[in-house]
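Structural description and commentary
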Protein chains: 4
Amino acid sequence: MKPCLHPSIVTTDSLESYLALAQRCHYRYVDVDFRWIEQAASQQSIAYVQHMFESHGIELASFGLPVAVHGDETAFQTTLSQLPEVAGNALRLGATRCVTWLWPSVDERPIPYGSRLAVRLRACADVLATFGIRLGLEFVGPHHLRTKQYPFVWNLQDLRAYLDAIGAPNVGILLDSYHCYTAEVPMDELLALEAHEIVHVHVNDASLPPNEAHDQERCLPGDGQIDLQGFVAALEHIGYTGPLSLEVLHQAPLPGRDDDIAKRMYETLNQFIAHAREESIGRG
Amino acid sequence: MKPCLHPSIVTTDSLESYLALAQRCHYRYVDVDFRWIEQAASQQSIAYVQHMFESHGIELASFGLPVAVHGDETAFQTTLSQLPEVAGNALRLGATRCVTWLWPSVDERPIPYGSRLAVRLRACADVLATFGIRLGLEFVGPHHLRTKQYPFVWNLQDLRAYLDAIGAPNVGILLDSYHCYTAEVPMDELLALEAHEIVHVHVNDASLPPNEAHDQERCLPGDGQIDLQGFVAALEHIGYTGPLSLEVLHQAPLPGRDDDIAKRMYETLNQFIAHAREESIGRG
Amino acid sequence: MKPCLHPSIVTTDSLESYLALAQRCHYRYVDVDFRWIEQAASQQSIAYVQHMFESHGIELASFGLPVAVHGDETAFQTTLSQLPEVAGNALRLGATRCVTWLWPSVDERPIPYGSRLAVRLRACADVLATFGIRLGLEFVGPHHLRTKQYPFVWNLQDLRAYLDAIGAPNVGILLDSYHCYTAEVPMDELLALEAHEIVHVHVNDASLPPNEAHDQERCLPGDGQIDLQGFVAALEHIGYTGPLSLEVLHQAPLPGRDDDIAKRMYETLNQFIAHAREESIGRG
Amino acid sequence: MKPCLHPSIVTTDSLESYLALAQRCHYRYVDVDFRWIEQAASQQSIAYVQHMFESHGIELASFGLPVAVHGDETAFQTTLSQLPEVAGNALRLGATRCVTWLWPSVDERPIPYGSRLAVRLRACADVLATFGIRLGLEFVGPHHLRTKQYPFVWNLQDLRAYLDAIGAPNVGILLDSYHCYTAEVPMDELLALEAHEIVHVHVNDASLPPNEAHDQERCLPGDGQIDLQGFVAALEHIGYTGPLSLEVLHQAPLPGRDDDIAKRMYETLNQFIAHAREESIGRG
């Protein structure tokens, strides 16, 4: 596992300064606001952006699914037809992961809603498969988002069932410590996963109890009450080797300078990882 | 389209007498209680049963999916492993249609329930595909079956969405006039179907309004208030050419002798068909 | 199994007279020159043609794959785009079988040739699958067709391997007694087939030894030296229940009137079938 | 693109010393004799091997397909059943590429041979897909390997056709400069590739003309007459961003010490890459 910088924990908003920051703080993977990439590619070229990443020794860990899977059929088809170009560009920056998330509750009846969405996600996955890119789906745990008329995907069990229904081999799980905490996913469910089921991981923390924690009020790993050491140890135990991305959604500004936060988080995650590895190798 | 005899409208309960009755009344297709077939095949052989069908000039229109798709995983896998033998036997009797139905409401949350069921139906369809057999799914309309905690598949729109989610090319619609009536499927939805979406058709009638009609209190075509002439004309219009099966679930006995009922129904359906064809050729 | 009339054994060339002939001679299945159907449908309508078939009690057993799988990419795509309409029309006439054949030898290197063809046949099969139609492929045995530079599909073993490579569940075998004879397919290979692997069957005879028989000089079943009783018995043994089509390619005219030939062949095939069934039921 | 060390250019034969060498010479990717990995994993654990890779900052670029696709059915099935474990271990070391190669000629007739192989490679690809691993197939160019009875896969065109026949989205091309040279693949065919069609790349050189070069007598990049600058520039032009692996099959020992060769090759490849990038950015 490797720490992965995420734009949510820093204030910089240019691709160049973000990549330089990542390099200064020893990150090898970053998640990025893809609009930065599109802007730089349109001003220069994707070869130029690729060179920016390579010259900083940085790879793109993932990119958000750029397809309007919740839109009307025209919007969906239009954006789906653009997916190959986006996927090709992302792959040039090293990305083999594309991610999106699912609502915990919906107002439309679940079968028409979930069936249409499954068909669309399968179509996206089929496009991504030719690029060797996997699609990670995230269940969303906070209870304040369960209030629409019908339940949709609440937790890890629901997500795994829905992944089976989609039935595309390159679709898997985007696992987020905050959603595992708020959905109260038991540790033995994490330990029962196989590493290849996980496409990407978000690591962040919560300061309120599971049923009160708000989706937009997360805190930095180590600053809250989630057992992140246990979370990372579970991932090590099952053999997950990908990025741990610092997606920390929040509304109040985080205290501290970008470099300080990014460095501290790099060290924090590496401590979790090192400790997990010692345990794992100790066990055999 | 051709009328198809169904065991629910007669009292005979032996395969031999049922096939003889079908032949006397000019049917070419029958639906059958598959246990009759299994009993005859185990007493004699499937070749013998095949000869019974052939010597009466009768083909088996469909057979019920013999897989425990609602059972636990062991029951499902065990019965799935037996599907090739049943499918092979049914095919020897002429059947190219396998059918089952879906609940309108369920107590389990819809995504885990519907996802597991989709995976299982897809597995059944994959087995049936090698036999050239299609799987028809039926939505169930009566409102008294919508009372469990969550809605599942209510109507034709829901079913078509769910079929897309299953995503197997040989899965389609089992269309039942009673369920179209109780789910108040608009005529333009029927006319928008393509013939090949329909795997099999049930024709029966209702004596109560759509939201009061009970699933087990159907009546013979022509004895109720469903516009069956319009229903059959819509099927003719879109080019459906398969069987119209007389599945009439009921609790009180139907009045009349088997031969009288079977003959009358053969004529009733043929009148619907002939009238629909005249309209269709007139138009087209 | 049921005898199936084929245009090659009669001289009539109008759909109406052909269907009337088939009915007079008690056939239930026919193969047809599809151009007759297209002509009648364009003059009247497909509903009218469907009524012609139904009023004679006749079903269409199969139709030739109307896609230019050997043409250039434009020709292929154009004809593929027309397949849904043809398939829909054929289905209205009862057809659930589409057929084509493979060369035994080719001048292009086999891997580019066979790969391109596999991709195209798979694309055709995917379209047909939504109509519940299977695609039967025929290997071609006569040795005078093995003279191009490279061998392609010579016999039943080659065909089964190639079907696996195509990998579509609704693609199977069109089995022809003449090709089994000329390719010297051993009886135990026929007996090892499962019924559902066979999509359609051609029955015809040869008057020359296997390695001399010419593809266009076949004779009527019973008039040559192929063990057709053994061929039909093998099909009965494995449980094949579909049509036996009288495709008898020849250059010199067949002696006799259409009605006499069609009636005699109906009886000949039924004798093979009856004898095979007695054996089969006798064995249990 | 990044240089990737390959065991064929060095003499060290322990995993630890090989990884240390790679690190000293600034490689980030290595190809490895997988037996080294299995030995280390069996002596310690796969977690230990993973730690070895991580502590040297090295990722495994690819692993050879460990399935007996050319063996009898039992050998194939046995080794296929072991593929998930190998794939899971390889993924822990960073590998997202699995590779194998195809004969240019065969003694068995091409359709049964190529069909069976396509079915088996598809089965392997389906297993790998759940791990997000792609399977790269290599065509083999040297003419002395074209002498068996029938041609199989000679060149890039043949390979692309065969990949279409296999039809699995995660199967693509392993491109080798030596095979492109000996098969005389035109530059415009390379430039017509899309980056995502290429799974992995081998870079090595030849000292004899295309039709004389022997498969086991390759030389180090830059020491022969292949236009490797053009080869790498073509890859840059189409946007390939993966490893360039130094697979140099040879019989006479390479002159020089491991460190000298590995360093020189790292610099040689990086010069090709840098020059290609300048051209590419210059063009826009």
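Please read all numbers here as calculations on a predicted model, not as lab measurements.

From N to C terminus, chain A includes 10 helices and 11 strands. Taking 284 residues into account, the globule formula puts the C-alpha radius of gyration at 19 Å, and chain A, at 18 Å, falls close to it. In terms of its C-alpha atoms, chain A occupies a principal-axis envelope of roughly 50 × 45 × 40 Å. In chain A, once contacts between residues fewer than 6 apart in sequence are set aside, the share between residues at least 24 apart is 80%. With the model as given, the accessible surface of chain A reaches about 10600 Å², and the carbon-plus-sulfur share is 50%. Side chains of chain A give 20 positive and 36 negative charges; the mean places of these two sets differ by 3 Å.

Here the focus is the UniProt feature "domain: Xylose isomerase-like TIM barrel" (unreviewed entry) in chain A. Mapped onto this structure's residue numbering, the UniProt feature "domain: Xylose isomerase-like TIM barrel" (unreviewed entry) falls at residues 20-252 of chain A. In the segment residues 20-252 of chain A, helix accounts for 42% and strand for 15%; the C-alpha atoms at its two ends are 25 Å apart.

Right, let's talk about the arrangement of the chains for a bit. One thing to see here is that chain A and chain C don't touch, and their nearest C-alpha atoms sit 16 Å from each other. Across the gap from chain B to chain D, with no contact made, the nearest C-alpha atoms are 16 Å apart.

With that out of the way, let us pick up the relation of the copies chain B and chain A. Superposing chain B onto chain A takes a rotation of 180° combined with a translation of 0.0 Å along the rotation axis, leaving an RMSD of 0.0 Å. What we have between these two chains is a two-fold relation. When each C-alpha of chain B is compared by its distance to the rotation axis, P110(B) comes out closest, at 3.2 Å. Of the residues that chain B buries at the interface, 100% are likewise interface residues in chain A, meaning the two copies contact each other through the same surface.

Okay, the interface of chain A and chain D next. Taken together, the contact pairs 28 residues of chain A with 28 residues of chain D. Here chain A packs against chain D, burying approximately 2600 Å² in sum over the two surfaces, 50% of which is carbon and sulfur. Contact with chain D buries area across many residues of chain A, yet R28(A), R92(A) and H196(A) alone supply 19% of it, more than any other trio. Taken together, chain A and chain D are joined by four salt bridges. Measuring nitrogen to oxygen at the nearest pair gives 2.2 Å for the salt bridge that ties R277(A) to E54(D). At the boundary of chain A and chain D, one finds 10 residue pairs in polar contact (both at pLDDT 80 or more).

It is worth spelling out the interface of chain B and chain A at this point. Note on interface size: it is often stated as the accessible area lost on association of the parts. Across the boundary between the two partners, chain B contributes 20 residues, which contact 20 residues of chain A. With both sides pooled, the region where chain B packs onto chain A buries about 1600 Å², and carbon together with sulfur makes up 68% of that total. When residues of chain B are sorted by the area they lose upon contact with chain A, R109(B), I111(B) and P151(B) head the list and together hold 35% of the total. Connecting chain B to chain A are two salt bridges.

Turning to the relation of the copies chain A and chain D, a few remarks are in order. Of the two same-sequence chains, chain A is brought onto chain D (RMSD 0.0 Å, axial shift 0.1 Å) by a rotation of 180°. Here 96% of the interface residues in chain A have copies in chain D that are interface residues too; the copies meet face to matching face.

Another point: the pattern of salt bridges. In this structure the tally under the stated criterion is 52 salt bridges over all chains. With a shortest N-O distance of 2.3 Å, D158(A) and R109(B) are connected by a salt bridge. Of this pair, D158(A) sits in helix α6 (residues 156-166) while R109(B) sits in the loop between β6 (105-106) and α5 (110-129), on two different chains. Of the residues examined, R109(B) reaches a relative accessible area of 18% and is grouped as buried.

In this section: the sheet that holds strand β11 (residues 243-245) of chain C. Residues and elements named next belong to chain C. The nine strands lie next to each other as β3-β2-β1-β11-β10-β9-β7-β5-β4, forming an open sheet whose pairing is parallel. For this open sheet the edge positions go to β3 (59-60) and β4 (63-64), each flanked by a neighbour on one side alone. Bridge count between β4 and strand β5 (residues 97-101): two bridges; the pairing is parallel. Across the sheet, the residue bridging to F63 is C98, located in β5. In this fold helix α9 (residues 228-238) packs onto β9 (171-176), β10 (198-202) and β11, with an angle of close to 160° to the strand it touches most, β10.

Residues and elements named next belong to chain D. Along the chain, the position of Q157 falls in helix α6 (residues 156-166). Note: C-alpha distance between Q157 and V203 (46 residues apart in sequence) is 20 Å. A polar side-chain atom of Q157 sits 3.3 Å from a polar atom in the side chain of E189.

For the structure on display, the rule yields 24 aromatic pairs over all chains. Judged by centre distance (5.2 Å) and plane angle (75°), the rings of Y18(A) and W36(A) are edge-to-face. Taken together, the positions of Y18(A) in helix α1 (residues 15-24) and W36(A) in helix α2 (residues 34-43) put the pair 18 residues apart, joining distant regions of the chain. Y18(A) gets classed as buried once you look at its relative accessible area, which sits at 0%. For the pair F34(B) and F63(B), a centre-to-centre distance of 5.8 Å together with 40° between the ring planes defines the contact as tilted. Residue F34(B) is found in helix α2 (residues 34-43), and its partner F63(B) is found in strand β4 (residues 63-64); the two are separated by 29 residues along the sequence. With respect to class, F34(B) is no different from F63(B); both count as buried. Of the aromatic side chains, those joined through ring pairs into one cluster are Y113(A), F152(A) and Y162(A). For R146(A), the ring lying beneath its charged end belongs to W154(A), and the centroid distance is 4.3 Å.

What counts and how
Residues numbered from 1 in each chain as written. Chains lettered and ligands numbered in written order. Predicted model: local features only at pLDDT ≥ 70, side-chain atom pairs only at ≥ 80, totals over all residues. Heavy atoms only, no water. Helix = DSSP H or I, 4+ residues; strand = E, 2+ residues; numbered from the N terminus. Rg over C-alpha atoms; globule rule 2.2 N^0.38 Å. Contact = heavy atoms within 4.5 Å. Areas by Shrake-Rupley, 256 points an atom, 1.4 Å probe, with all protein chains shown as cover. Lys, Arg positive; Asp, Glu negative; His and termini not counted. Charge placed at Lys NZ, Arg CZ, Asp CG, Glu CD. UniProt positions renumbered as here; feature names shortened; annotations may be inferred. Least-squares fit on C-alpha atoms with pLDDT ≥ 70 in both. Buried area = accessible area lost by both parts, 1.4 Å probe. Salt bridge = Lys/Arg side-chain N within 4 Å of Asp/Glu carboxyl O. Polar contact = N/O pair within 3.5 Å; in protein donor to acceptor, adjacent residues only side chain to side chain. Buried < 20%, exposed > 50% of the residue type's maximum accessible area, 1.4 Å probe, protein only. Pairing = 2+ DSSP bridges. Axes fitted to C-alpha atoms, helices over the stretch in contact; angles between N-to-C directions. Phe/Tyr/Trp six-rings, centres within 6.5 Å; stacked < 30°, edge-to-face > 60°. Lys NZ or Arg CZ within 6 Å of the ring centre and 35° of its normal.

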